[in-house]
Amino acid sequence: GENVEQHPSTLSVQEGDSAVIKCTYSDSASNYFPWYKQELGKRPQLIIDIRSNVGEKKDQRIAVTLNKTAKHFSLHITETQPEDSAVYFCAARYRNTDKLIFGTGTRLQVFP
Amino acid sequence: EAQVTQNPRYLITVTGKKLTVTCSQNMNHEYMSWYRQDPGLGLRQIYYSMNVEVTDKGDVPEGYKVSRKEKRNFPLILESPSPNQTSLYFCASSLKGTAYGYTFGSGTRLTVV
């Protein structure tokens with residue numbers, strides 16, 4: 001069925017370290033993979049996305065990688081800062097149904 | 001300012017009392033959707049609409065209704081709310097389908113007692 005698994009559910013890092021969040025999807029036809037950041041009490045906001053014809057995309061300190069063969073994609077945050085503390089959601093677009101399926105979220109805490 | 005506006009932000013109601021959560025977007029987006037967010041379960045789609053008068057069920061539609069009479073508005077209706085519908089609700093919109101990412105509303109925290 002339509003499913004996105006996300007790991008880990010919580011992640012604690014020291015300021016300046018890197019953080020990696022991984023997601024796996026089930027439909028090989030999926031073609032769009034956005035990442036959302038949700039700060040406490042706020043709405044999810046799109047921070048980066050990648051399409052299936054690209055293997056990696058970077059935007060300053062964040063990057064996303066996609067491995068279509070293995071059906072997994074990852075969010076990489078380098079030089080983490082306290083303001084990176086939030087819940088991060090991955091999602092995969094299931095092309096046949098045009099549905100965006102979300103992972104269960106990762107709570108990232110960056111300690112000063 | 002381009003935005004998705006949800007109202008109310010907070011709502012406490014009693015079991016069985018009909019309620020409507022409104023959602024409006026000013027970006028001329030065709031696609032609109034409702035999600036509920038529960039701890040450990042992420043964001044689950046309730047209903048979506050690909051355009052005016054076109055709506056379909058998401059993954060958890062039981063107990064909810066929607067309508068899309070105008071492009072900008074997509075209200076969520078709970079005809080007879082129950083405590084298991086206590087949740088954080090988000091409306092989201094996208095230009096066309098889901099391949100362009102969502103803009104989310106600010107959320108509605110609903111408590112049914």
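The rules behind these values
Residues numbered from 1 in each chain as written. Chains lettered and ligands numbered in written order. Predicted model: local features only at pLDDT ≥ 70, side-chain atom pairs only at ≥ 80, totals over all residues. Heavy atoms only, no water. Contact = heavy atoms within 4.5 Å. Buried area = accessible area lost by both parts, 1.4 Å probe. Salt bridge = Lys/Arg side-chain N within 4 Å of Asp/Glu carboxyl O. Polar contact = N/O pair within 3.5 Å; in protein donor to acceptor, adjacent residues only side chain to side chain. Helix = DSSP H or I, 4+ residues; strand = E, 2+ residues; numbered from the N terminus. Core = buried A, V, L, I, M, F, W, Y, C linked by side-chain atoms within 4.5 Å. Buried < 20%, exposed > 50% of the residue type's maximum accessible area, 1.4 Å probe, protein only.

## A word on the interface of chain B and chain A
Phase 1: Contacts between the two partners involve 25 residues from chain B, matched on the other side by 19 residues from chain A.
Phase 2: In total, chain B and chain A occlude about 1,700 Å² of area from one another, counting both sides; carbon and sulfur atoms represent 51% of this.
Phase 3: The largest share of the area that chain B buries against chain A comes from Leu43(B), Thr98(B) and Phe104(B), three residues that together contribute 30% of it.
Phase 4: Seen at the junction of chain B and chain A, the total is one salt bridge.
Phase 5: Its salt-bridge partner being Lys99(A), residue Asp59(B) comes within 2.8 Å of it at the nearest N-O pair.
Phase 6: The interface formed by chain B and chain A holds nine residue pairs in polar contact (both at pLDDT 80 or more) in total.
Phase 7: Listing elements by their share of the side of chain B that touches chain A, those giving two or more residues are β4 (31-38), β5 (42-51) and β9 (87-94) of chain B.

## What about the nonpolar core?
Phase 1: Counting 25 residues, the largest nonpolar core has Val4(A), Tyr25(A), Trp35(A), Phe73(A) and Leu108(A) as its most contacted members.
Phase 2: For this core, the secondary-structure elements that each account for two or more residues are β2 (10-14), β3 (19-25), β4 (32-38), β5 (45-51), β7 (62-67), β8 (72-77), β9 (86-94) and β11 (106-111) of chain A.
Phase 3: The element that contributes the greatest number of residues to this core is β9(A), accounting for five residues.
Phase 4: Excluding its chain neighbours within four sequence positions, the residues that come into contact with Tyr25(A) are Asn3(A), Val4(A), Ser30(A), Phe33(A), Leu66(A), Asn67(A), Lys68(A), Lys71(A), His72(A), Phe73(A), Ala92(A) and Tyr94(A).
Phase 5: The next biggest cluster of nonpolar side chains, apart from the first, holds 19 residues, and it includes Leu19(B), Ile46(B), Leu76(B) and Cys91(B).

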